[in-house]
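Breakdown of the fold
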Amino acid sequence: MQTVQPIAPVTDAAALRDHISQMLEQTLSANALPAETDYLAVWQAHVAVASSHLDMAVLGGVLADRLAWVFMAGYQSAVRQTFAEQAFRVEGKPGWAALAVSEGRRGEPPLPGVTHAREQSASAAHTFLINGYKTWVAASASVAHIVIKSGRGTDAQYFNVHRNATGLVLSAKPAGFLSELSQGRAHFDQVRLPADAEVDASQVVYFGLREALYIYIAFVAYAQARYREVVSTTQAAKVIADLVPFLYQPPADAAALRALKEGDIAVQAVLAQIDTQATAAHANWAKDRRLVTMYSKGIQARE
C-alpha cells in the first residue's frame, strides 16, 4: 500500500507551484459523476493513490464535477492528515472516512450524545463500549469509517468505528445544502470496540482550519479544471500554493496571518470569476456556493 506523506514545510515555492500546475493539467474524464458512488469509484482509482494529502485534494478537485464532490475531496484530505495513522480501508481498498462530532441533545426528541465505557477482561485486552448518537455524518451512505468524539474538553477521546460494526446503525436525513451528498446520523447501541480503536487526537485542534483550506484547494482545482477559460493554471497554482504552509501549521505571526487572510481573499476571487457560468450550469449552485464562502468570515476574524 502506498503511504500518504504528511504535508511538509514549504521550502521551494516555485517547485511547489510547478508540481501543482502539473496536477491541474491532468486530463479530465468526459463522464458526468451524478451519483456519490460514481465519484467514490473515481476517487478510489485516481485520488486515493496520490502520494500526499495535498495531491489528493488537488486531484480530487480536478475530477469533481460539482461542489458536493469538491467537499469530499477536501474533507478526505483533512480527515486523513488529522488522523494520519489510520488506514481507512474497506474490502482491501481505500475508503472514505467521516469525523462525527455533532450531537443533538436539544433536538426533538433529544438524542443522547456518545459515551464510552472501558471494559476490562481477565482473558483479553480491554475493550470500549460505545452508546449514543452523532447527528451528522458526511457521505453516510458510502463512508467506510467514522471517527467519533466521546466526551468533552480534556476528557474527550476519539475512536475509529467501521461502518459494519455490530450495533452501529446509519440512517439518512434530508439535506438542503450539498444535497447530492448523502448525509445522516449514527446510532451506537452497545458497540464494542477493541483497544486499538482509540485514535491519536493530538491533531484535532487543527482540523477546523485544515478542513477549510483543503476544501479551498479542492475548489480552486475544480474551478480551474472546469472553467479553464476564466481561471488559468498559473493563477490556480499560486492560490493553492499560498495556502499550503497553513496545512502544516497555523499562522505563527502577524505576517503569516496576513498571508492566510490574503489567501482566503484569493479563493473568493476565484469563486467570483466562475459564479455566472457555474450558476447557469448547476441547479444547486446558489445554495452550494456557500461551501466556499462560509469559512471566510472566520478566517478574516482570526487574530
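Residues numbered from 1 in each chain as written. Predicted model: local features only at pLDDT ≥ 70, side-chain atom pairs only at ≥ 80, totals over all residues. Heavy atoms only, no water.

1. Quick notes on the side chain of Gln183
- Counting through the fold element by element, Gln183 comes out in strand E9 (residues 183-194).
- For Gln183, a relative accessible area of 11% translates into the label buried.
- One polar contact links the side chain of Gln183 to the main-chain carbonyl oxygen of Phe177, over a distance of 3.0 Å.
- In this structure the side chain of Gln183 is engaged in a polar contact, spanning 3.0 Å, whose partner is the backbone oxygen of Leu178.
- Aside from chain neighbours lying at most four places away, what touches Gln183 is Trp136, Val137, Ser140, Ser171, Ala172, Lys173, Ala175, Phe177 and Leu178. (Helix = DSSP H or I, 4+ residues; strand = E, 2+ residues; numbered from the N terminus. Buried < 20%, exposed > 50% of the residue type's maximum accessible area, 1.4 Å probe, protein only. Polar contact = N/O pair within 3.5 Å; in protein donor to acceptor, adjacent residues only side chain to side chain. Contact = heavy atoms within 4.5 Å.)

2. Here we look at the packing of aromatic side chains
- Using the criterion set out here, one finds 11 aromatic pairs in the structure.
- Consider the rings of Tyr75 and Phe207, whose centres lie 6.3 Å apart with planes at 80°: the pair is edge-to-face. One end of the pair, Tyr75, is in helix H4 (residues 67-82); the other, Phe207, is in helix H5 (residues 207-226), and 132 residues separate them in sequence.
- Judged by relative accessible area, which is 10%, Phe207 ranks as buried.
- Residues Phe219 and Tyr222 carry aromatic rings whose centres are separated by 6.4 Å and whose planes lie at 35° to one another, so their mutual orientation is tilted. With Phe219 and Tyr222 both in helix H5, this residue pair falls three residues apart, about one helical turn. Across the pair, Tyr222 and Phe219 agree in class, each one buried.
- Aromatic ring contacts, followed pair by pair, group Tyr39, Trp43, Trp69 and Trp96 into a single cluster.
- One residue, Arg290, lies across the ring of Phe177, its end atom 4.0 Å from the ring centre. (Phe/Tyr/Trp six-rings, centres within 6.5 Å; stacked < 30°, edge-to-face > 60°. Lys NZ or Arg CZ within 6 Å of the ring centre and 35° of its normal.)

3. Some words on helix H1 (residues 13-24)
- An ideal rise of 1.5 Å per residue puts 16 Å on 12 residues; H1 measures up with 16 Å between its terminal C-alpha atoms.
- Among the residues of H1, Leu16, Ile20, Ser21, Met23 and Leu24 are the ones counted as buried. Along H1, the residues classed as buried sweep out an arc of 160° about the axis, all on the same side.
- Packing partners of the buried residues in H1 comprise helix H3 (53-63), H5 and helix H6 (233-243). (Expected span 1.5 Å × (residues − 1). Arc of directions from axis to C-beta.)

4. Some details on the pattern of salt bridges
- Counted by the stated rule, this structure contains six salt bridges.
- Asp65 serves as the salt-bridge partner of Arg66, at 2.9 Å between the closest nitrogen and oxygen. Grouping residues by exposure puts Arg66 and Asp65 together as buried.
- The partner of Arg289 in a salt bridge is Asp275, with the nearest N and O atoms 2.7 Å apart. Taken together, the residues span a long stretch of sequence, with Arg289 in the loop between helix H9 (285-288) and helix H10 (290-293) and Asp275 in helix H8 (residues 254-281) at a distance of 14 residues.
- Here the salt bridges share partners, and the residues they tie into one network are Asp65, Arg66 and Glu180. (Salt bridge = Lys/Arg side-chain N within 4 Å of Asp/Glu carboxyl O.)

5. Looking at the packing of H5 against H6
- Closest axis-to-axis distance for the H5/H6 pair is 10 Å, and the angle between their directions is 175°. When the interaxial angle is binned, H5 and H6 end up roughly antiparallel. Here H5 contributes Leu213, Tyr216, Ile217, Val220, Ala221 and Gln224 to the contact with H6, which in turn contributes Thr233, Ala236, Val239, Ile240 and Leu243.
- Along the lines of polarity and charge, the residues of the contact of H5 with H6 split into nine nonpolar, two polar and no charged. (Axes fitted to C-alpha atoms, helices over the stretch in contact; angles between N-to-C directions. Parallel < 35°, antiparallel > 145°, perpendicular 65-115°, else oblique. Nonpolar A, V, L, I, M, F, W, Y, C, P; charged D, E, K, R; others polar.)

6. Describing H5
- Along its 20 residues, H5 runs 28 Å from first to last C-alpha, staying within 8% of the 28 Å computed at 1.5 Å per residue.
- With 18 of 20 residues buried, H5 lies mostly within the body of the structure.

7. What about the side chain of Asp55?
- Position of Asp55 relative to the elements: it lies in helix H3.
- The side chain of Asp55 is buried and forms no salt bridge, while Arg80, the nearest opposite charge, is found at 14 Å.
- For Asp55, the residues in contact, after removing those within four places along its chain, are His19, Met23 and Ala50. (Lys, Arg positive; Asp, Glu negative; His and termini not counted.)

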